[in-house]
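Breakdown of the fold
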Amino acid sequence: MQTTTLANPFVMMTDPETILLAVERSERLNRLSRKVYRPLDRPLIPKVGAKDLADFDNEIDTAIEDEVLDVLVADLA
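Residues numbered from 1 in each chain as written. Predicted model: local features only at pLDDT ≥ 70, side-chain atom pairs only at ≥ 80, totals over all residues. Heavy atoms only, no water.

**Notes on the overall build of the chain**
Our working rule: For helices the rule is a DSSP run of H or I covering at least 4 residues; for strands it is a run of E covering at least 2, with both sets numbered from the N terminus onward. Burial here depends on accessible area, computed with a 1.4 Å probe over protein chains only, as a share of the maximum for the residue type. Under 20% is buried, over 50% is exposed, and the range in between is partly exposed. Here, Shrake-Rupley sampling with a 1.4 Å probe gives the accessible areas, and only protein chains in the shown set may cover a residue.
Across its full length, the chain holds five helices and zero strands. By residue count, 3% of the 77 residues in the chain fall in the buried class. Entry remark: accessible area of the chain is about 7,900 Å², with carbon and sulfur atoms responsible for 61%.

**Regarding a nonpolar patch on the surface**
Just so we agree on the cut-off: Patch construction takes residues with relative accessible area above 30% that form no salt bridge. Like charges are linked within 9 Å, and nonpolar side chains (Val, Leu, Ile, Met, Phe, Trp, Tyr) are linked within 5 Å. We count a salt bridge whenever a side-chain nitrogen from Lys or Arg sits within 4 Å of a carboxyl oxygen from Asp or Glu.
Taken together, the side chains of Leu53, Phe56, Ile60, Ile64, Val68, Leu69 and Leu72 make up a nonpolar region of the molecular surface, amounting to roughly 660 Å² of accessible area. By the secondary structure assignment, leucine 69 is in helix H5 (residues 53-76).

**Here we look at a negative patch on the surface**
What counts is decided by this rule: The convention is simple: Lys and Arg are positive, Asp and Glu are negative, and His and the chain ends are not counted. Charged groups are reduced to one reference atom each: NZ for lysine, CZ for arginine, CG for aspartic acid, CD for glutamic acid.
Together, Asp52, Asp55, Asp57, Asp61, Glu65, Asp66, Glu67 and Asp70 make up a region of like negative charge exposed at the surface. Under the relative-accessibility criterion, glutamate 65 is labelled exposed at 52%.

**Focus: the confidence of the model for the chain**
Here is the rule we go by: The predictor reports its confidence for every residue as pLDDT, a score running from 0 up to 100.
Of all residues in the chain, 78% attain a pLDDT of 70 or more, and the chain-wide mean is 77. In the model of the chain, helix H1 (residues 2-7) stands out as the element of lowest mean pLDDT, 58, in contrast to helix H4 (residues 27-30), which has the highest, 90.

**Quick look at the side chain of serine 26**
Worth spelling out the cut-off: Whenever two N or O atoms come within 3.5 Å, that pair is a polar contact, provided that in protein one can donate a hydrogen and the other can accept it, and provided that, for residues adjacent in sequence, both atoms are side-chain atoms.
Within the secondary structure layout, serine 26 lies in the loop between helix H3 (16-25) and H4. Serine 26 gets classed as buried once you look at its relative accessible area, which sits at 19%. Separated by 3.2 Å, the side chain of serine 26 and the backbone nitrogen of leucine 29 make a polar contact.

What follows is the structure in structure tokens.
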């Protein structure tokens, strides 16, 4: 079975213990430098004084409606 496992990577997925052992014994993997990155641990942009999302959406909707009304009034005049 060992030669079948090495020849067919899909067979390897059916035996996860064999895969884990191979990964642990791999010299190439052990030589890789390892560093843990945690980009989501803290926000990069602080939200101090930021408006509520709903308020922001309402401001944008109102601005767009005002622009549309201005265009319609200009077209009628």
